[in-house]
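Residue strings, one per chain:
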Amino acid sequence: SSLITRSRLKDETVMATISGKTNMVGLIGWPVGHSVSPAMHNAAFAALGLDWCYVPLPVPVEPAARIGEAVQGVRALGLRGTNVTVPHKQAVMPHLDRLTPAAQAIGAVNTIKVEADGALSGDNTDARGFVADLQDHEVDPAGKSVIVLGAGGSARAVVYGLAAAGCTAIAIFNRTQDKATSLAAQMQALFPRCSITAQTGEQLPALASQFDLVVNTTSLGMTPQVDTTPWPDEVAFHAGQVVYDLVYNPRQTRLLQKATADGAHTISGIGMLIWQGAIAFEIWTGQKPPVDVMRAAVEKR
Ligand code: ATR
């Protein structure tokens, strides 16, 4: 039997043959209706001729017991794994059998794999996805000094990824100073060879000129608040610096517009979305992900 899935765009018709042998993966989150992940992964499965299918798995926040039931359901229903997105990245953790060091340190799981013995393993591909996208843009974090703006969930993955990839210094700025301080202390203990510090806003102008890379992990600049920015107008970037904005909607944020005007190199966070998915794809299937196919599926949306 065959199933025809039609996306919103007329030219994007994915045909998948679902059989009794089809391998199922999906996305646990709430809401999941606007996610690009199904289109991205199903395009990748189709491109490699893999008998796999990626489906939305919406799990409401209330009642609270639902998330544990959902995770047990992943194993009970014979899924091969799932992605996990907002707001469940932390809540799934106590229901898993093991966590990778990355997931443990970041304190969030975005990828679950059902192992051959049925064990549920939790990983976080955001950190590696971020670093992979930097490398895709020919930016090697090794030996670099970095300013990270924000200290929330995305910042945790970014700081972990950068430190694991050999950055020499990471300065964290956040509106809520306590979160920056505790993130810096925790990551510093894990990565003694990288100087990881929390900084206050007054120190930004002095530090800004010395850093190789600036990463925005806050939501400032995201649609619909496109006029907001995490960076002061009066502090200039310069040529040779790289400014990475995890915000990818819009692609040209106010931060990236300023960085471009100041002569810095800019990177939009769309690639991190693609690479975190590509790494999850490899975790589940063991196959090399068709990254260009996945990118094309995301760009079409
Ligand atoms: P995510 O998972 O995307 O990182 P999060 O964990 O809620 O989301 O973190 C959001 C980040 O954006 C935080 O660093 C937050 O700062 P606070 O820790 O002070 O809340 C930052 N942020 C969000 N809105 C902001 C605003 N209006 N001004 C400054 N920082 C903001």
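Residues numbered from 1 in each chain as written. Predicted model: local features only at pLDDT ≥ 70, side-chain atom pairs only at ≥ 80, totals over all residues. Heavy atoms only, no water.

So, about unusual backbone geometry. Residue Pro31 is reached from Trp30 by a cis peptide bond, and omega for that bond is -5°. By the secondary structure assignment, Pro31 is in the loop between β3 (23-29) and α1 (37-48). Residue Val86 is joined to Pro87 through a cis peptide bond whose omega torsion reads 0°. Position of Pro87 among the secondary structure elements: in the loop between β5 (81-84) and β6 (98-99). For Glu138, which is not glycine, the phi dihedral falls at a positive 60°. With respect to the element layout, Glu138 can be found in the loop between α4 (126-136) and β9 (145-149). (Helix = DSSP H or I, 4+ residues; strand = E, 2+ residues; numbered from the N terminus.)

A word on the side chain of Asn216. Along the chain, the position of Asn216 falls in strand β12 (residues 213-216). Of note is the side chain of Asn216, whose polar atom sits 2.8 Å from the side chain of Asp245. Residues in contact with Asn216, not counting those within four places in the same chain, are Leu149, Pro230, Tyr244, Asp245, Leu246, Val247 and Leu255. (Polar contact = N/O pair within 3.5 Å; in protein donor to acceptor, adjacent residues only side chain to side chain. Contact = heavy atoms within 4.5 Å.)

Moving on to the site of the ligand. In the vicinity of the ligand, the contacting residues are Gly150, Ala151, Gly152, Gly153, Ser154, Asn174, Arg175, Thr176, Lys179, Thr218, Ser219 and Leu220. In this structure, Gly153 approaches the ligand through a main-chain N or O atom, which is 2.8 Å from an oxygen atom. Within the side chain of Arg175, one N or O atom sits 2.8 Å away from an oxygen atom of the ligand. Taking 640 Å² as the accessible area of the ligand by itself, protein coverage stands at 63%. Broken down by class, the residue content of the shell around the ligand amounts to 2 nonpolar, 8 polar and 2 charged. (Near = heavy atom within 4 Å. Areas by Shrake-Rupley, 256 points an atom, 1.4 Å probe, with all protein chains shown as cover. Nonpolar A, V, L, I, M, F, W, Y, C, P; charged D, E, K, R; others polar.)

Below, the discussion takes up helix α8 (residues 254-261). Listed as buried for α8 are Leu255, Leu256, Lys258 and Ala259. Take α8 and look down its axis: the buried residues cluster within an arc of 160°, on one side only. For α8, the secondary structure elements touched by its buried residues are β12, β13 (242-245) and β14 (265-268). Taken from the residues just after α8, Gly263 is the one with a positive phi, measuring 95°. (Buried < 20%, exposed > 50% of the residue type's maximum accessible area, 1.4 Å probe, protein only. Arc of directions from axis to C-beta.)

Let's shift gears to the nonpolar core. Counting 36 residues, the largest nonpolar core has Phe130, Leu162, Ile170, Ile172, Ile196 and Tyr244 as the members making the most contacts within it. Counting residues per element, the ones that place at least two in this core are α3 (101-106), α4, β9, α5 (153-164), β10 (169-173), α6 (177-190), β12 and β13. It is α5 that provides the largest number of residues to this core, a total of 7 residues. Ranked by size, the runner-up nonpolar core spans 21 residues in total, among them Val36, Met40, Phe45 and Trp284. (Core = buried A, V, L, I, M, F, W, Y, C linked by side-chain atoms within 4.5 Å.)

This part covers the pattern of salt bridges. A complete count under the given rule lists 10 salt bridges for this structure. Residues Arg295 and Asp136 are paired through a salt bridge, measuring 3.1 Å at the closest nitrogen-oxygen approach. With Arg295 in helix α10 (residues 291-299) and Asp136 in helix α4, this pair connects stretches of sequence that are 159 residues apart. Close ionic contact of Asp233 with Arg254 constitutes a salt bridge, the shortest N to O distance being 3.0 Å. Placement of Asp233 in the loop between β12 and β13 and of Arg254 in helix α8 is noted, with a sequence separation of 21 residues between them. Linked by salt bridges that have partners in common, Asp136, Asp292 and Arg295 make up one network. (Salt bridge = Lys/Arg side-chain N within 4 Å of Asp/Glu carboxyl O.)

It is worth spelling out the sheet that holds β10 at this point. Spatially, 6 strands are ordered β11-β10-β9-β12-β13-β14 in an open sheet, and the strand pairing comes out parallel. Two strands bound the open sheet, and with one partner strand each, they are β11 (195-199) and β14. With strand direction ignored, the average angle separating the axes of adjacent strands in the sheet is 15°. Here β13 runs beside β14; their pairing, made up of 4 bridges, is parallel. Directly across from Val243, in β14, lies its bridge partner Thr266. (Pairing = 2+ DSSP bridges. Axes fitted to C-alpha atoms, helices over the stretch in contact; angles between N-to-C directions.)

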